[in-house]
Amino acid sequence: MTRERKRKIEGFIAMTLSTLAALLGLFWLVFIIVMCLCME
Amino acid sequence: MGIDILTASIILSIMIIPFTASISRDSFNLTPAIVKESAYAIGATKWEVVKNVVIPYSKIGVFGGIVLSLGRAIGETMAVAFVLGITTGLQTSLLDAATTITVTLANEFAEADNDIYLSSLFYLALVLFVMSFITLAIAKFFLIKAERKFAR
């Protein structure tokens with residue numbers, strides 16, 4: 001595997017994981033807000 | 001039961017995320033655009049720019065933000081009071097009920113009926129004040145250091 005390709009793959013994995021983490025955080029926030037609204 | 005140190009820790013860590021995130025974001029934004037653009041210009045990917053340019057540049061600011069949030073977490077009272085249980089003494093397990101200085105103050109101030117009790121609570125408040133002061137001073141030190149670095 002060339003160095004160029006390795007860098008691209010590393011970047012892709014990092015960006016995918018950080019996007020997933022952001023989405024998870026967003027889901028958690030929405031989940032808590034919805035749960036709070038449902039509890040009332 | 002869920003009334004223990006672990007629950008309180010999780011709640012506090014979630015509570016300080018927005019504070020840490022906003023300070024870190026400000027810190028990341030202080031990275032000069034020309035440095036980032038130069039990195040892109042020599043062919044760095046987005047991740048490489050974040051890892052090798054933005055994070056090293058703003059690491060002191062992020063660290064200052066984390067310590068500042070720690071200071072806030074130490075001073076937090078009511079959220080902890082509800083989930084920590086009130087048990088004085090040193091606990092060895094994360095799943096034991098415990099108490100913090102702020103929770104003790106909030107709970108026991110009304111029932112302090114003699115002078116030594118009241119004085120002890122005031123002394124506890126002094127200890128808390130000194131702890132918070134030191135934490136915030138460290139955070140401010142890092143943030144000032146970061147600002148000076150960016151100003152250059």
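Source: prediction; values computed, not measured.

Basis of the calculations
- Residues numbered from 1 in each chain as written.
- Chains lettered and ligands numbered in written order.
- Predicted model: local features only at pLDDT ≥ 70, side-chain atom pairs only at ≥ 80, totals over all residues.
- Heavy atoms only, no water.
- Axes fitted to C-alpha atoms, helices over the stretch in contact; angles between N-to-C directions.
- Helix = DSSP H or I, 4+ residues; strand = E, 2+ residues; numbered from the N terminus.
- Parallel < 35°, antiparallel > 145°, perpendicular 65-115°, else oblique.
- Contact = heavy atoms within 4.5 Å.
- Nonpolar A, V, L, I, M, F, W, Y, C, P; charged D, E, K, R; others polar.
- Phe/Tyr/Trp six-rings, centres within 6.5 Å; stacked < 30°, edge-to-face > 60°.
- Lys NZ or Arg CZ within 6 Å of the ring centre and 35° of its normal.
- Buried area = accessible area lost by both parts, 1.4 Å probe.
- Salt bridge = Lys/Arg side-chain N within 4 Å of Asp/Glu carboxyl O.
- Buried < 20%, exposed > 50% of the residue type's maximum accessible area, 1.4 Å probe, protein only.
- pLDDT = per-residue confidence, 0-100.

Taken N-terminus to C-terminus, the directions of helix H1 (residues 3–39) of chain A and helix H4 (residues 46–75) of chain B make an angle of 80 degrees; their axes are 8 Å apart at the nearest point. Accordingly, the angle class assigned to the pair H1(A) and H4(B) is roughly perpendicular. On H4(B), the residues touching A:Arg7, A:Glu10, A:Gly11, A:Ala14 and A:Met15 of H1(A) are B:Lys46, B:Trp47, B:Glu48 and B:Lys51. Grouping the amino acids of the contact of H1(A) with H4(B) by side-chain chemistry returns three nonpolar, one polar and five charged.

Moving on, we come to the packing of aromatic side chains. The final tally for this structure, using the stated rule, is six aromatic pairs over all chains. Put simply, the rings of A:Phe27, A:Trp28 and A:Phe31 pair up and form one aromatic cluster. The ring centre of B:Phe19 lies 4.7 Å from the NZ or CZ of B:Arg72, which sits over that ring.

Bringing the interface of chain B and chain A into the picture now. The interface is formed by eight residues belonging to chain B together with seven residues belonging to chain A. Carbon and sulfur atoms supply 61% of the area buried between chain B and chain A, which totals about 600 Å² over both sides. Taken as a group, B:Thr45, B:Trp47 and B:Glu48 account for 66% of the area that chain B buries against chain A, more than any other trio of residues on that side. The interface formed by chain B and chain A includes two salt bridges.

So, on to the side chain of B:Glu48. Along the chain, the position of B:Glu48 falls in helix H4. B:Glu48 sits in the buried class, given a relative accessible area of 13%. Here B:Glu48 is in contact with A:Arg7, B:Gly43 and B:Val53, once residues within four sequence places are set aside.

Residue and element names in this part refer to chain B. Mean pLDDT over chain B stands at 88; residues scoring 70 or higher make up 97%. For chain B, helix H5 (residues 78–84) is the element with the lowest average pLDDT, namely 86, and helix H3 (residues 33–41) is the one with the highest, namely 93. ipTM for the predicted complex: 0.71, alongside a pTM of 0.76.

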